[in-house]
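# Structural description and commentary
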Amino acid sequence: THSFAKVVPGAASVAMYSDPNLGLKQIEIEVNNEAQSVKVTVTKYDGKPAAVLVAKTGKVYQYMQINVSNVAGKISKAKITAKVEKSWATSNGVDKNNVVISKFDESSNKWNELSTSFASEDDKYYYYDAEVTSFSYFSISEKAIAGSDTSGGTGTGTDGTAGASGEGKSLMWLWIVIGVIVLALIIWAVARKK
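All of the points below concern the structure found in this document. On a predicted model such as this, the values are computed, not experimentally measured, just so you know. (Residues numbered from 1 in each chain as written. Predicted model: local features only at pLDDT ≥ 70, side-chain atom pairs only at ≥ 80, totals over all residues. Heavy atoms only, no water.)

## Thoughts on a nonpolar patch on the surface
A cluster of nonpolar side chains, contributed by Leu174, Trp175, Ile178, Val182, Ile186 and Val190, occupies part of the molecular surface with about 580 Å² of accessible area. Here Ile178 is to be found in helix α2 (residues 163–193). Of the residues examined, Ile178 reaches a relative accessible area of 36% and is grouped as partly exposed. (Patch = residues over 30% accessible without salt bridge, like charges linked within 9 Å, V, L, I, M, F, W, Y side chains within 5 Å. Areas by Shrake-Rupley, 256 points an atom, 1.4 Å probe, with all protein chains shown as cover. Salt bridge = Lys/Arg side-chain N within 4 Å of Asp/Glu carboxyl O. Helix = DSSP H or I, 4+ residues; strand = E, 2+ residues; numbered from the N terminus. Buried < 20%, exposed > 50% of the residue type's maximum accessible area, 1.4 Å probe, protein only.)

As structure tokens, this is what we get:
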């Protein structure tokens, strides 16, 4: 937990984290109106939090909950900087450019992948930045695999085409084969009558 007596517009307030077991380096908060007695609380989970109904797809580095009090309606911008151990990425076969910070949407029970940028690295960690406008449950994980969509829409295939198109092509060939067989049977039946 980090506490700030006052957070004022025009200057970012930064909560720094040095716990090696926490996948978080810092949280930066900017407000558009002065906020008093701001408290930033981060809770780390070893598995999916009980309050979260859906697990994040893919390999998950860490789940956490970030709670910021007394800033409702006052946040102009906030940035989360996450850290991922290089040894975890290597042992799980996750490329450093394939890591994402996701936020859980409690109203729709879905994980929304945030626009996450690779920021830097040192001997032990990769660092990633993502901007948020509110706080909730978060996960640090590998990006969703193309075709398995976390937003509930239709996914895209690995070639970037809509996921259903490959299925449509195989069905089209099936109908062509059936059509050819039916046509052959009709020709055979007509020839037989003669």
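## A few points about the sheet that holds strand β2 (residues 13–16)
Whether parallel or antiparallel, the strands of a sheet pair through hydrogen bonds between backbone atoms. Strand order across the open sheet formed by five strands is β2-β3-β6-β10-β9, with antiparallel pairing between neighbours. If you trace the sheet from one side to the other, it starts and ends with β2 and β9 (116–121), each paired once. Direction aside, neighbouring strands of the sheet carry axes that sit 20 degrees apart on average. Alignment of β2 against strand β3 (residues 24–31), held across four bridges, turns out to be antiparallel. Within β3, the residue paired with Val14 across the bridge is Glu28. (Pairing = 2+ DSSP bridges. Axes fitted to C-alpha atoms, helices over the stretch in contact; angles between N-to-C directions.)

## As for the pairing of β9
Regular strands have side chains that alternate between both faces of the sheet. Relative to strand β10 (residues 125–132), β9 runs antiparallel, the two being bridged by five bridges. Looking at β10, one finds that Ser117 is bridged to Asp129.

## Considering the pairing of β10
Most of β10 sits inside the fold, with seven of its eight residues counted as buried. Alignment of strand β6 (residues 75–85) against β10, held across eight bridges, turns out to be antiparallel. For Ala78, the partnering residue across the bridge sits in β10 and is Val132. The loop that links β9 with its antiparallel partner β10 comprises three residues.

## Re the sheet that holds strand β1 (residues 2–7)
Across the sheet, six strands lie side by side as β1-β4-β5-β11-β7-β8; this open sheet has antiparallel pairing. Whereas interior strands pair on both sides, the edge strands pair on one side only; in this sheet they are β1 and β8 (110–113). Looking at each pair of strands side by side, their axes are set apart by 30 degrees on average, direction ignored. Across five bridges, strand β7 (residues 99–105) lies against strand β11 (residues 137–142) in antiparallel orientation. The residue bridging Ser102 from the neighbouring strand is Ser139, located in β11.

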